[in-house]
Amino acid sequence: MLRAAVDAGADAVYCGFQNATNARNFTGLNFTSEELHSSVAYAHAHGAKVLLALNSFASAGRFPLWKEAADCGARIGVDAFIVADIGVAAYIAHHHPHCRLHLSVQAGASSPEAINFYCREFGIRRAVLPRILTIPEIRQLKAEIPCEIETFVFGNHGLMVEGRCSLTNYAVGISTNMDGACSPPSKVRYDRDSAGAVIASLGSHVIDRFAPDEQAGYPTICKGRYCTAARPEPFYAFEEPISLNLMEMLPALAAVGVDALKIEGRQRSRAYVGNVVGGFRKAIDAVAAGRAPDLIDLLALTEGQKQTQGAFMTKKWR
Amino acid sequence: MAAKLTLGPILFHWDADAKRDFYARIADESPIDTVYLGEVVCSKRTPFFDSHLPEVVERLERGGKTVVFSSLTEVVLNRERKMTTDLCVAGDHNIEINNAAGLIATKGRPHRIGPMMNVYNEETMVHLAGHGANHFSLPPELPGTVVELMAQRARPLDVAIEVQAFGRVPLAISARCFHARAHRRSKDECQFVCGKDPDGLTLTTLENERFLVINGVQTLSHGYLNLAAEIEDLLARGVTHVRLMPHRTDMVAVSTIFADRLAGRSTGAEAMSRLAALGIGPFINGFWHGIAGHQYHDARGPVVA
């Protein structure tokens, strides 16, 4: 997967170890230290960087796991660590002061003051911004902080403040922050009722129900359908299953000084990664050369077959 | 030192009169030691109560309560940035910080760290204590075993450890208002519809499970966290402050029940039956026991794996 991204033209690829130290702790994803070693060599040979995600929260008693991951990443020579936990950031800043630190969106830093705190304390070199800011807000923020900024351009359209969500732990006893897994596959169940509808559950909780002609989605709590007294028919109480796609906005993002563009690639197929990364590579190169980006159709790859420019255009979605 | 009883900030949008009456009773009749004031969920709500704050503070202090001002959880807009900075820079009042935006302004001034600050380990606690944090309200999802390790490190640092023991549990916060969305409105046109639900609006699953509660931009548990039966365990693990979250039930009664537990005047079973008699619930305590938060683990029964 890392190679697919590098081959398709990614400048940098995020990866993590096969444990709770990163926010995508899922079976079949992620790297052993040997795999990370060979992947870093491959990426570097092809002019790409490797960013090690240590962006979950180390609960007391488990901190050594994060320390070992940081030490291992430093030994292998990853190009940066992306962190959210203050303790983890402090450890890396102190023990590996030559390493670049990036601030994960999981840190929940959505103001210049919050980002400046992390920059002052740990020498953060780049902050990944939450997906809730408009272009003018990004411009204003960029002017008030000393570090680079990175924004999501393709993938999940998340509206919960990341790193501040215990919904999965409430529902099934696995913590997104501490265990690195939101809606873990081991707790997902699909059942079919007598009418042919598919019922998608997380643990003992029904998250959505799909008519026989509907495409069944993954049961993520904040993408499910629920009922309330105010609105008794089932509705998406939090958000629709929809994908973020900012390809059309690349010129605007470049103009306000976004330094890096992030595509969500983990938990995805090799074909998805190749297509999306390749498409954005071409579009970014076009923008850099002063041409209009050639917008390729990524709709077929998006969740629920719908896409949005999310918060980046207006505040109406709130 | 005996553990202290605290009252967290009101998370819901109660009208100003309801809040004033509520705090008057707390001031005069409750055994609570410390009261956290301030809007922590939605910055749009703040104008309604700001003018009443001085009077409420005076009343609470007259009742012998320590007053702490809590800062907003999510800080994005310019007015939210200003609210946070103003609270953390000026004055000599006690503050509890709920967003890292507040940390840049404290400049070593003593402060408390709120439950939304993601203090999951001793290293984070030590770092923040080095900048003046002297009291940590831990994330509600932390199990008792982890709280114990935090409390062991807190003692030599001389910082306090606070844990929520009553009330619906904050689980997530968003930039979008779910209350407005449920009423087919946007946040900018919300008309403060969240005020209709003083304990939150229940979301039921498609199989009629009462699952979650929404409160403006916040999502909470449907069940009420209740650690009344675990008080000895909390104290043994080193918790110094026990937090109750305000609800529209009789909070003087709730606080009295917890105060009796802290003072050893009643058993867990007695407290549980007195709380059940208030007509609230269902009760949950899964997080403390390291299992799914929506569950209730009866410490007297068989151990749930």
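Residues numbered from 1 in each chain as written. Chains lettered and ligands numbered in written order. Predicted model: local features only at pLDDT ≥ 70, side-chain atom pairs only at ≥ 80, totals over all residues. Heavy atoms only, no water.

A.B. asks: Even after reading the chapter, I still don't get the pattern of salt bridges, so can you show me in this structure?
C.D. replies: Where charged atoms of side chains with opposite charge meet at close range, the side chains can pair. All names here are of chain A. In the structure shown here, the tally under the stated rule is 35 salt bridges over all chains. One salt bridge in this structure joins Arg 120 and Glu 121, with 2.9 Å as the shortest N-O distance. Judged by relative accessible area, Arg 120 falls into the partly exposed class, the value being 45%. Taking the relative accessible area as the measure of exposure, Glu 121 reaches 17% and is therefore buried. Its salt-bridge partner being Asp 259, residue Lys 142 comes within 2.7 Å of it at the nearest N-O pair. With Lys 142 in helix α6 (residues 135–143) and Asp 259 in the loop between α9 (250–255) and β13 (260–263), this pair connects stretches of sequence that are 117 residues apart. (Salt bridge = Lys/Arg side-chain N within 4 Å of Asp/Glu carboxyl O. Buried < 20%, exposed > 50% of the residue type's maximum accessible area, 1.4 Å probe, protein only. Helix = DSSP H or I, 4+ residues; strand = E, 2+ residues; numbered from the N terminus.)

A.B. asks: Please clarify how the sheet that holds strand β7 (residues 188–192) of chain A should be interpreted in this entry.
C.D. replies: Residues and elements named next belong to chain A. With antiparallel pairing, three strands are arranged side by side in an open sheet as β7-β8-β9. Among the strands making up the open sheet, the edge pair consists of β7 and β9 (205–210). Geometrically, the sheet is characterised by an average inter-axis angle of 25° between neighbouring strands, direction not taken into account. (Pairing = 2+ DSSP bridges. Axes fitted to C-alpha atoms, helices over the stretch in contact; angles between N-to-C directions.)

A.B. asks: Would you take a moment to explain the domain arrangement of chain A for this structure?
C.D. replies: Accessible area lost upon the coming together of the parts is a frequently used measure of interface size. Residue and element names in this part refer to chain A. One can read the domain layout of chain A as domain 1 (2–162 + 242–312) and domain 2 (184–236). On a C-alpha basis, the centres of domain 1 and domain 2 stand 30 Å from each other. Taken together, the contact pairs six residues of domain 1 with five residues of domain 2. In total, domain 1 and domain 2 occlude about 390 Å² of area from one another, counting both sides; carbon and sulfur atoms represent 54% of this. Our enumeration of links across domain 1 and domain 2 arrives at zero salt bridges. (Domains from an automatic or database assignment. Contact = heavy atoms within 4.5 Å. Buried area = accessible area lost by both parts, 1.4 Å probe.)

A.B. asks: Any chance you could explain the packing of aromatic side chains here in plain terms?
C.D. replies: Evaluated as defined, the whole model comprises 15 aromatic pairs over all chains. Note on Phe 238 of chain A and Phe 178 of chain B: the rings are 4.8 Å apart at their centroids and 85° apart in plane angle, and the pair reads as edge-to-face. Note that Phe 238 of chain A is positioned in the loop between β11 (231–236) and β12 (243–245) and Phe 178 of chain B in helix α8 (residues 178–182), a pairing that runs across two chains. Here the two residues Phe 238 of chain A and Phe 178 of chain B agree in accessibility, since each one is buried. When the centroid spacing of 5.1 Å and the interplanar angle of 85° are considered together, the rings of Trp 14 of chain B and Phe 22 of chain B count as edge-to-face. Given the relative accessible area of 12%, Phe 22 of chain B is considered buried. Each member of the aromatic cluster is reached from another via a ring pair, and the members are Tyr 170, Tyr 226 and Phe 238 of chain A together with Phe 178 and Phe 211 of chain B. Just above the ring of Tyr 14 of chain A sits the side chain of Lys 262 of chain A; from NZ or CZ to the centre is 3.8 Å. (Phe/Tyr/Trp six-rings, centres within 6.5 Å; stacked < 30°, edge-to-face > 60°. Lys NZ or Arg CZ within 6 Å of the ring centre and 35° of its normal.)

A.B. asks: For this particular structure, what's the right way to read the pairing of strand β8 (residues 198–202) of chain A?
C.D. replies: Consecutive side chains along a regular strand alternate between the two faces of the sheet. All names here are of chain A. Where burial is concerned, most of β8 is hidden: five out of the five residues are buried. Residues Val 198, Ala 200 and Leu 202 line one face of β8 and the alternating positions Ile 199 and Ser 201 line the opposite face, and both faces are buried. Inspection of the sheet shows β7 paired to β8 by five bridges, in the antiparallel sense. The residue bridging Val 188 from the neighbouring strand is Leu 202, located in β8. What sits between the antiparallel neighbours β7 and β8 is a turn of five residues, in which Gly 196 has the positive phi angle 90°. Taken together, the five bridges between β8 and β9 define a ladder with antiparallel strand orientation. Each bridged residue has a counterpart across the sheet, and for Ser 201 the counterpart in β9 is Val 206. As consecutive antiparallel partners, β8 and β9 are separated by two residues, and within that stretch Gly 203 has a phi angle of approximately 60°, a positive value.

A.B. asks: Please clarify how the UniProt feature "binding site: [4Fe-4S] cluster" (unreviewed entry) in chain B should be interpreted in this entry.
C.D. replies: Residue and element names in this part refer to chain B. As annotated in UniProt, the feature "binding site: [4Fe-4S] cluster" (unreviewed entry) corresponds to Cys 42, Cys 177, Cys 190 and Cys 194 in the numbering used here. Taking the farthest pair of C-alpha atoms as the criterion, the annotated set spanning 153 residues converges on one region, since that pair is 11.6 Å apart. Judged by its relative accessible area of 12%, Cys 42 falls in the buried class. Positionally, Cys 190 belongs in the loop between α8 and β8 (201–204). Note on Cys 190: relative accessible area 7%, which makes it buried. What Cys 190 contacts, discounting residues up to four positions off in sequence, is Lys 44, Ala 180 and Arg 185. (UniProt positions renumbered as here; feature names shortened; annotations may be inferred.)

A.B. asks: Teacher, can you tell me more about the interface of chain A and chain B here?
C.D. replies: Across the boundary between the two partners, chain A contributes 71 residues, which contact 65 residues of chain B. The junction of chain A with chain B conceals about 5,800 Å² of combined surface from both sides, 58% of it contributed by carbon and sulfur atoms. Between chain A and chain B we count four salt bridges in total. The salt bridge partner of Arg 184 of chain B is Glu 233 of chain A, with a shortest N-O separation of 2.6 Å. Counting across the chain A and chain B interface gives 35 residue pairs in polar contact (both at pLDDT 80 or more). By residue class, the composition of the side of chain A that touches chain B is 36 nonpolar, 17 polar and 18 charged. (Polar contact = N/O pair within 3.5 Å; in protein donor to acceptor, adjacent residues only side chain to side chain. Nonpolar A, V, L, I, M, F, W, Y, C, P; charged D, E, K, R; others polar.)

A.B. asks: Where do I start with the environment of Lys 82 of chain B in this structure?
C.D. replies: Tracing the backbone shows Lys 82 of chain B in helix α4 (residues 78–89). For the pair Lys 82 of chain B and Pro 143 of chain B, spaced 61 residues apart in sequence, the C-alpha separation works out to 35 Å.

A.B. asks: Please clarify how helix α11 (residues 268–276) of chain B should be interpreted in this entry.
C.D. replies: Structural remark: α-helix, 3.6 residues per turn; residues separated by three or four positions point the same way. All names here are of chain B. For α11, the set of buried residues is Gly 268, Ala 271, Met 272 and Leu 275. All buried residues of α11 fall inside an arc of 100° around its axis, so they share one side. The inward-facing, buried residues of α11 contact β7 (160–173), β10 (218–226), α10 (251–262) and β12 (283–284). (Arc of directions from axis to C-beta.)

A.B. asks: Would you mind showing me how to read helix α10 (residues 270–288) of chain A here?
C.D. replies: All names here are of chain A. Helix length check: α10, at 19 residues, gives a terminal C-alpha distance of 26 Å against a target of 27 Å (1.5 Å per residue), a fit within 8%. Among the residues of α10, those classed as buried are Tyr 272, Val 273, Val 276, Val 277, Gly 278, Gly 279, Phe 280, Ala 283 and Ala 286. Looking one or two residues past α10, Gly 290 carries a phi angle of roughly 85°, positive in sign. (Expected span 1.5 Å × (residues − 1).)

A.B. asks: Would you explain the environment of His 37 of chain A in this entry?
C.D. replies: Examined against the element boundaries, His 37 of chain A turns out to sit in helix α2 (residues 33–45). Separated by 36 residues in sequence, His 37 of chain A and Gly 73 of chain A place their C-alpha atoms 8.7 Å apart.

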